[in-house]
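Observations on the model geometry
Each chain, letter by letter, is given below.
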Amino acid sequence: MKISALNESYKPAARKANVAFGSANTVMTDATKKIVEEAANVAKEVKLGGLVDFLEGIKNHGEIANTLTTALGTAFVAPIFIAFNPFSKEDKDTKTYSAMRQPISAVITVVFQVLVNNKFNHWIERMASTANESKNGFFKKIDLSRKPNDAFLKADVKYNHPSYNDKQIRDEVKKRQDDTLYKSINTERERLVNKKLTELSDKDLEYFDYEKMVGTDEYKAAHEEIELEVKQKLKNEGQELSKKQLRKAIKAAATPEKLKERAVKIVERRVIAETENKLDLAKKIKPENKDQIIADTEQRKSDLKKLVEKAKAKGDPAVVELKERFDIAEKQIDKLEKYGIEASKKYSDKTFEEALKMVKIKKSITSSVKFAEGRLSAIKSWGGILVAMATLPFSCGLLNWAYPRIMEKFMPEVSKSKKTKEAK
Amino acid sequence: MNISKIANKVTNLPGYVLEKTANSKFIQWQAKENAISPVAVATFTTLVSVVSKDAVGCYYYVTQSLKNEKIPEEKRKFVASLDLANGILNVALQSVLGGAFGIKVGEYFDNNLSKKLFSVDKAAEKVKAKLNYNIEKIKNIKDINNMKPEDLKKELKKAKLKKLPKVDGAVISNIEENDDIIKNYVEKYAKKLLKKKKIASAGFTAIVTLIITQIIAKRIFVPLIATPMASTIKAQMEKREAANPKAAASASPQVAVTKTTGGVKESDKTPECFKNFR
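Scope of this entry: the structure provided in the associated data block. (Residues numbered from 1 in each chain as written. Chains lettered and ligands numbered in written order. Predicted model: local features only at pLDDT ≥ 70, side-chain atom pairs only at ≥ 80, totals over all residues. Heavy atoms only, no water.)

Comments concerning the overall build of chain A
For clarity, the threshold we go by: The secondary structure listing takes helices from DSSP runs of H or I that are at least 4 residues long and strands from runs of E that are at least 2 residues long, numbered from the N terminus. Three exposure classes are used, based on accessible area relative to the maximum for each residue type with a 1.4 Å probe and protein chains only: buried under 20%, partly exposed in between, and exposed over 50%. Accessible surface is estimated by sampling points in the Shrake-Rupley manner with a 1.4 Å probe; for residues, cover comes only from the protein chains shown.
Secondary structure summary: chain A contains 18 helices and 0 strands in total. For chain A, the proportion of its 424 residues judged to be buried stands at 46%. Of the roughly 23,100 Å² that chain A leaves accessible, carbon and sulfur atoms contribute 56%.

Some details on the packing of aromatic side chains
All names here are of chain B. Let me state the cut-off plainly: Put simply, two rings from Phe, Tyr or Trp (the six-membered ring, in Trp's case) pair if the centres are within 6.5 Å, and we call them stacked under 30 degrees between planes, edge-to-face over 60, tilted for the rest.
This structure, assessed with the given rule, holds 6 aromatic pairs over all chains. Ring plane angle 35° and centroid distance 4.9 Å describe the contact between Phe109 and Phe204, whose orientation is recorded as tilted. With Phe109 in helix α4 (residues 73-117) and Phe204 in helix α9 (residues 197-243), this residue pair connects regions lying 95 residues apart in the sequence. With a relative accessible area of 0%, Phe109 lands in the buried category.

Overview of the packing of helix α12 (residues 256-284) of chain A against helix α16 (residues 352-390) of chain A
All names here are of chain A. Spelled out, the test is: Fitting a line to C-alpha atoms yields each axis, with helices limited to the stretch in contact; the angle taken between N-to-C directions then spans 0 to 180 degrees. When an angle is under 35 degrees it counts as roughly parallel; over 145 it counts as roughly antiparallel; between 65 and 115 it counts as roughly perpendicular; any other value is oblique. Take the far helix as the reference: if the near one is turned anticlockwise from it by less than a right angle, the crossing is left-handed, and if turned clockwise, right-handed. The contact definition used throughout considers only heavy atoms, calling two residues in contact when any of these lie within 4.5 Å.
In contact at an axis separation of 9 Å, α12 and α16 are set at 125° when each is read in the N-to-C sense. The angle between α12 and α16 falls in the class oblique. By crossing handedness, the relation of α12 to α16 is classed as right-handed. Of the residues in α16, those touching α12 at Glu268, Val271, Ile272, Glu274, Thr275, Glu276, Lys278 and Leu279 are Phe352, Ala355, Leu356, Val359, Lys360, Lys362 and Lys363.

Digging into the nonpolar core
Residues and elements named next belong to chain A. Rules: What we call a nonpolar core is a set of buried Ala, Val, Leu, Ile, Met, Phe, Trp, Tyr and Cys residues that are connected through their side-chain atoms within 4.5 Å.
Ile226, Val230, Leu259, Val319 and Leu322 are the most contacted members of the largest nonpolar core, which has 25 residues in total. Counting residues per element, the ones that place at least two in this core are α10 (217-237), α11 (243-253), α12, α13 (290-314) and α14 (319-339). Listed in part, the 23 residues of the second largest apolar core include Ala128, Ile365, Ala372 and Trp382.

Describing the environment of Asn121(A)
Residue and element names in this part refer to chain A. Secondary-structure assignment places Asn121 in helix α6 (residues 92-129). Look at Asn121 and you get buried, because its relative accessible area is 6%. For the pair Asn121 and Ser377, spaced 256 residues apart in the sequence, the C-alpha separation amounts to 9.7 Å.

Remarks on the side chain of Gln214(B)
Residue and element names in this part refer to chain B. We count it as follows: Any N or O atom pair separated by 3.5 Å or less is treated as a polar contact, with the protein-specific requirement of one donor-capable and one acceptor-capable atom, and with residues adjacent in sequence counted only for side-chain atom pairs.
Mapped onto the elements of the fold, Gln214 is located in helix α9. With a relative accessible area of 1%, Gln214 lands in the buried category. Of the polar contacts made by the side chain of Gln214, one reaches the side chain of Lys218; its length is 3.4 Å.

Description of helix α5 (residues 62-83) of chain A
This is how it is decided: Multiplying 1.5 Å by the helix residue count minus one yields the expected span of that helix. Bend is the name given here to the angle between axes fitted to two runs of seven residues, the run ending at a residue and the run starting at it.
Helix length check: α5(A) (22 residues) gives 31 Å between terminal C-alpha atoms against 32 Å at 1.5 Å per residue, within 8%. At Val77(A), α5(A) shows its largest bend, some 35°, and a proline, Pro79(A), comes one to four positions later.

Comments concerning the environment of Lys130(B)
Here Lys130(B) shows up in helix α5 (residues 120-139). Overall, Lys130(B) belongs to the partly exposed group, its relative accessible area being 28%.

Some remarks on the pattern of salt bridges
Residues and elements named next belong to chain A. Selection rule: Put simply, a salt bridge is a Lys or Arg side-chain nitrogen that is within 4 Å of an Asp or Glu carboxyl oxygen.
All told, the structure shown has 25 salt bridges over all chains when counted by the stated rule. Residue Glu225 is joined to Arg269 by a salt bridge in which the shortest nitrogen-to-oxygen separation is 3.4 Å. Of this pair, Glu225 sits in helix α10 while Arg269 sits in helix α12, and the two are 44 residues apart along the sequence. Given a relative accessible area of 8%, Glu225 falls into the buried group. Linking Glu274 and Lys278 is a salt bridge whose minimum nitrogen-to-oxygen distance equals 3.2 Å. With Glu274 and Lys278 both in helix α12, this residue pair falls 4 residues apart, about one helical turn. As far as burial versus exposure is concerned, Glu274 and Lys278 are alike and both buried. If you follow the salt bridges from partner to partner, you end up with Glu218, Glu225, Glu229, Arg262, Arg269, Arg270, Glu321, Glu324 and Lys363 in one network.

Written as structure tokens, this is what we have:
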């Protein structure tokens, strides 16, 4: 469905006050309001996914997960298979001696590799988060000084406020991240205040440079659009491909040039949609009709959601664009609830062009940050592997030194019989 | 060049290396692929990490065996070839199993597990349960509206609540009626969770791949296959030795059997740490 048609579909619906969600808001009793308020509070508090957090941790700390799993195998599975190997004809003491080596080596490996990996991660996160202080101008590609890394800030907050609990730490980290980000956005807006929108160069809006788009939301959206198009084309032609062939077909269709063209288009589309929304909101909003606007936006959101689901079921490439609209509506509600009408005041006296410039600058900065985050995570995962390898000689030396001594001290009989056997 | 310049260069080195790395095509490619298909990237990095460690371990085994003077010259190649066989088996089995299952595991996660994990309905249930729980708790506190603040604090502590829920007893029945509203709010906060879908899928793939390669392949299959394989190679070597008695005489008997695979018994020729990578 075309967006113009979509607009038509949601506008009249919003006007009808007594449709599903709208009615709930407009005739909301005090009691219902309280329920909603509490539901929002509880939803914030309830942890929605412990397992998800765990899996995210695995993805973000890949090398540490590797080390730990390998160690788990070495410490608990290997000894069993050594001690009860049906093919082995060794005597019991030799088996015990060999089996005991595994847990000891696992502990040493874990200590070395996890420690070094942790240090490496902290170092690189700190370097990225303080890249603006680097005298040599290094770390530009992973510059996160405009939105410092979570882990870096967390460590800092913990150090400066030892009495904080987890929630306080989380809130403080979020606050500092937001403060830094908006400060840099405002600085950038002030710097470019005298330039007109048309005068802004690629250097001013660094994000609109394709290389920096790689890995961002728009890039993903461009890829998704192409993927859906390929699928729909195949469907129209009545072709059925295997998963592997389909992957190949998508890869062939998603050439860098095409991705670039699409991504640029999507960025432009998004900033324009966002600007329109902001101006619209700034025009409409007054303290007394805040609730009504939220209700209208909720209505639009739920309509959009239905359209997204419909398009998704059909495999329609328009789903990408519909999703964008949905996100914008949601952000609007969020902002209204969080900051009230203050957020819209900024835009109330702006022309479309001025507002577009403001949005573009913001987009440029937030997306550059995303780009840097992508690079940082890639460097972290490959650097982790190299760093872990570099610890091998050291953990090796320690194991050679420690293992015979530990065995002699705690299992002298096994160690002795092994020695006498070797001496024979 | 004076000392300060040299010191400057040394301190700049990590930054320089990092900058070069961040600009490299490989990291660019990785960042791009990670955005599109994090599952494939997670499988790939996990496999490269574990397999490369095994490969390095295998290299050390082989070179150490070939250089070890304690092993008679005729036996060295045999011992080294055993090390090599073990290493190759490890690398091959892990790559094949990890590669074959990696993507499939990701697909399984997307089709089955993620529907349960990322269900907004379930999250809404959770929130409703908590809401009910909170309401039930304050229901038992008598005269809550006329209570002194310190007494209220004590009562809340007794009820194990941090703060007073904003809903009062009278609206309990409304929770069911306001299903849609609650769900809507939950959806909003669950969105953060939904964003993690792909990352969680990648994490799940990584951990399953690790279990397959590091625990099943490396610790169960390889030792079981390698031991009979070692015996076969040993038998063949002995056949050759029988045909060539001169070489057999010069070899000391215990060295010939010093090595069986799977960590069952190993000579002290190899550094301990690399035994860890078997």
